[in-house]
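A look at the structure
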Amino acid sequence: MALNTSPEAPIPVGQVSRLIGGWIDRLGAVWVEGQITQLSRRPGAGVVFLTLRDPSHDISLSVTCYRTVFDQVADVVSEGARVVVHAKPEWYAPRGSLSLRATEIKPVGVGELLARLELLKKSLAAEGLFAADRKRPLPFLPQLIGLVCGRASAAERDVLENARHRWPAVRFEVRNVPVQGVHAVPGVVAAIEELDAAPDVDVIIVARGGGSVEDLLPFSDEQLVRTVAACRTPLVSAIGHEPDSPLLDLVADLRASTPTDAAKRVVPDVGEELVRVGQLRERALRSVTAHLDREERGLAAARARPCMERPQRMVDEREQQISALADRGRRTLGHLLDRADSELAHTRARVVALSPAATLRRGYAVLQHADGSVVRDAGEVTPEEELRARVAEGEFTVRAVAAAPAVTPPA
């Protein structure tokens, strides 16, 4: 319940501490899981002091227990071990501190840890954090590589030496952090976030050598997995050896079997690239040479054609064809003209033979009235009418006289 206090009516520190202790005393015992970060077993002391830490968060609680309680698990529990503690919260009023009074301690077995990891794996997979379409390709030649590893570790040495042996100009931004124990998760998470925020870092490698299942547990932590999933820079996981498979391997953009393999997968080999460049140059040279040879053969074949060898030949051939056609046209026209001339001569002869002029030349004459009309009937002529008589070689005027009566011949 809230207390009625004011600047004029405050309550003493002791009363506040006793009130807090009363509220905490009403809490029942709970089962708590955590990782032992500090262990104090003073010789002859009847109480053992522990510090129990949440591996995923930077939160710790003090735990006390009687030596008889701790002696039951002393052979299998040490600093860094995960345990489950049955304890009741206690408030130490004189000092104002909270602790847990443990009545039972149980170590978390490997089998149980693996079962929990499997459940976490299924849960994160259902969210799509391990999906293949989330994987980002690594840059071909990273200029600056972020490396997260233990200080002076074999993993750091393997990555640096192999990478620089493959590409001497490669640069590294190294972050040395704890890679096992209670401080591993926050250290690795902070290093990844720092390198991911650096604009010059092209790829991040998280490397650690082999170890037991318990040693590799930080790299299956949910907080670390989610941090890597939110990372914008491509990340390579190189944890342990080939059989080891922490959850970091599943969420990373590339999983390397060892730190050495990570260096080989991230950094190209300068010797191999030079060989590849040489092969590509030879391939390009062969391609260009083959293309030039093919074009030269095509040009030679085109130049060897008669029309290209003697271009005037086409003109000569066309001239011969035109001459032949012209001769043929002249002959055809000549035949047509000759035949027309012959037909015209026959027609002319017929016309001449049938013309009035030819009749007149045979002694006939044509009589015409004064108006030019031809006399065809004697009854058309009146006595004393002057008629024009047209003969073969000219014409003259005649006068018509009355016809003498017809004389009947004697019987």
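Residues numbered from 1 in each chain as written. Predicted model: local features only at pLDDT ≥ 70, side-chain atom pairs only at ≥ 80, totals over all residues. Heavy atoms only, no water.

**Some details on the overall build of the protein chain**
What counts is decided by this rule: Secondary structure elements are defined from DSSP: runs of H or I of at least 4 residues count as helices, runs of E of at least 2 residues count as strands, and each element is numbered from the N terminus. Every radius of gyration here is taken over C-alpha atoms, with the globule rule written as 2.2 Å times N^0.38, N being the number of residues. When accessible area is computed with a 1.4 Å probe and restricted to protein chains, residues below 20% of their type maximum are described as buried, those above 50% as exposed, and intermediate ones as partly exposed.
Counting its regular elements, the protein chain contains twelve helices and 13 strands. Taking 411 residues into account, the globule formula puts the C-alpha radius of gyration at 22 Å, and the protein chain, at 64 Å, lies well above it. Viewed in the frame of its principal axes, the protein chain has a C-alpha envelope of about 210 × 70 × 50 Å. Across the 411 residues in the protein chain, those meeting the buried criterion constitute 31%.

**Describing the environment of Thr382**
Tracing the backbone through its elements, the reader meets Thr382 in the loop between strand S11 (366-368) and strand S12 (386-391). Residues Thr382 and Ala402, spaced 20 residues apart in sequence, show a C-alpha to C-alpha distance of 8.2 Å.

**Examining the sheet that holds strand S13 (residues 394-399)**
Sheet strands pair via backbone hydrogen bonds, and the direction of the pair is either parallel or antiparallel. For the record, the criterion: Only strands joined by at least two bridges in the DSSP assignment are considered to pair. Axis angles are defined between N-to-C directions and span 0 to 180 degrees, where every axis is a line fitted to C-alpha atoms and, for a helix, only to the segment in contact.
Pairing is antiparallel in the open sheet, where three strands are placed in the order S11-S12-S13. Single-partner strands in this sheet number two, and they are S11 and S13. In this sheet, adjacent strand axes meet at a mean angle of 30° when their direction is disregarded. Relative to S13, S12 runs antiparallel, the two being bridged by six bridges. Bridge assignment links Ala389 to a residue of S13, and that residue is Phe396.

**As for helix H1 (residues 13-25)**
So the rule is basically this: Here the expected span of a helix is defined as 1.5 Å times the quantity of residues minus one. Contact between two residues is taken to exist if any of their heavy atoms lie within 4.5 Å; hydrogens are not considered.
Here H1 spans 18 Å end to end across 13 residues, near enough to the 18 Å set by a 1.5 Å rise per residue. Its buried side turned inward, H1 meets strand S4 (82-92) and strand S5 (97-107).

**Side note on the confidence of the model for the protein chain**
In regions of low pLDDT, the predicted coordinates are not meant to be interpreted in detail. Applied cut-off: pLDDT is a residue-level measure of predictor confidence that goes from 0 to 100.
Averaged over all residues, the pLDDT of the protein chain equals 85, while 94% of them reach at least 70. Strand S6 (residues 144-149) holds the highest mean pLDDT among the elements of the protein chain, 94, whereas helix H12 (residues 356-361) holds the lowest, 70.

**Considerations on a nonpolar patch on the surface**
This is how it is decided: Grouping into patches uses exposed residues only, defined as over 30% relative accessible area, and leaves out salt-bridged ones; the cut-off is 9 Å for like charges and 5 Å for nonpolar side chains (Val, Leu, Ile, Met, Phe, Trp, Tyr). Each accessible area is a Shrake-Rupley result for a 1.4 Å probe, and residues are judged covered by the shown protein chains and nothing else. Between Lys or Arg on one side and Asp or Glu on the other, a salt bridge is scored when a side-chain nitrogen of the former is within 4 Å of a carboxyl oxygen of the latter.
On the surface, Leu333, Leu336 and Leu337 cluster together into a nonpolar patch covering about 280 Å² of accessible area. With respect to the helices, strands and loops of the structure, Leu337 is situated in helix H11 (residues 311-354).

**Observations concerning the sheet that holds S5**
If you trace the five strands once around the closed barrel, you get S1-S2-S3-S5-S4, paired in mixed fashion. Neighbour-to-neighbour, the strand axes of the sheet open up by a mean angle of 55°, direction not taken into account. Pairing geometry for S4 and S5, over ten bridges, is antiparallel. Bridged to Tyr92 within S5 is Ser97. Relative to S4, H1 is tilted by about 140°, and along the sheet it contacts S4 and S5.

**So, the packing of helix H4 (residues 154-166) against helix H8 (residues 259-266)**
Geometrically, a packed helix pair is captured by the angle between its two axes and the distance between the axes. Heads up, the rule is: Angular relationships are summarised with four words: roughly parallel below 35 degrees, roughly antiparallel beyond 145, roughly perpendicular across 65 to 115, and oblique for the angles in between. Two helices cross in a left-handed way if the nearer one is turned anticlockwise from the farther one by less than a right angle. They cross in a right-handed way if the turn is clockwise. Residue polarity is assigned by list, with Asp, Glu, Lys and Arg as charged and Ala, Val, Leu, Ile, Met, Phe, Trp, Tyr, Cys and Pro as nonpolar; anything else, Gly included, falls into the polar class.
With their axes 8 Å apart at the nearest point, H4 and H8 run at an angle of 30° to one another. On the basis of their axis angle, the class for H4 and H8 is roughly parallel. The crossing of H4 and H8 is right-handed. Between H4 and H8, the contacting residues are Ala155, Asp158, Val159, Asn162, Ala163 and Arg166 on the first element and Pro259, Thr260, Ala263 and Lys264 on the second. Of the residues contributing to the contact of H4 with H8, the split by class is five nonpolar, two polar and three charged.

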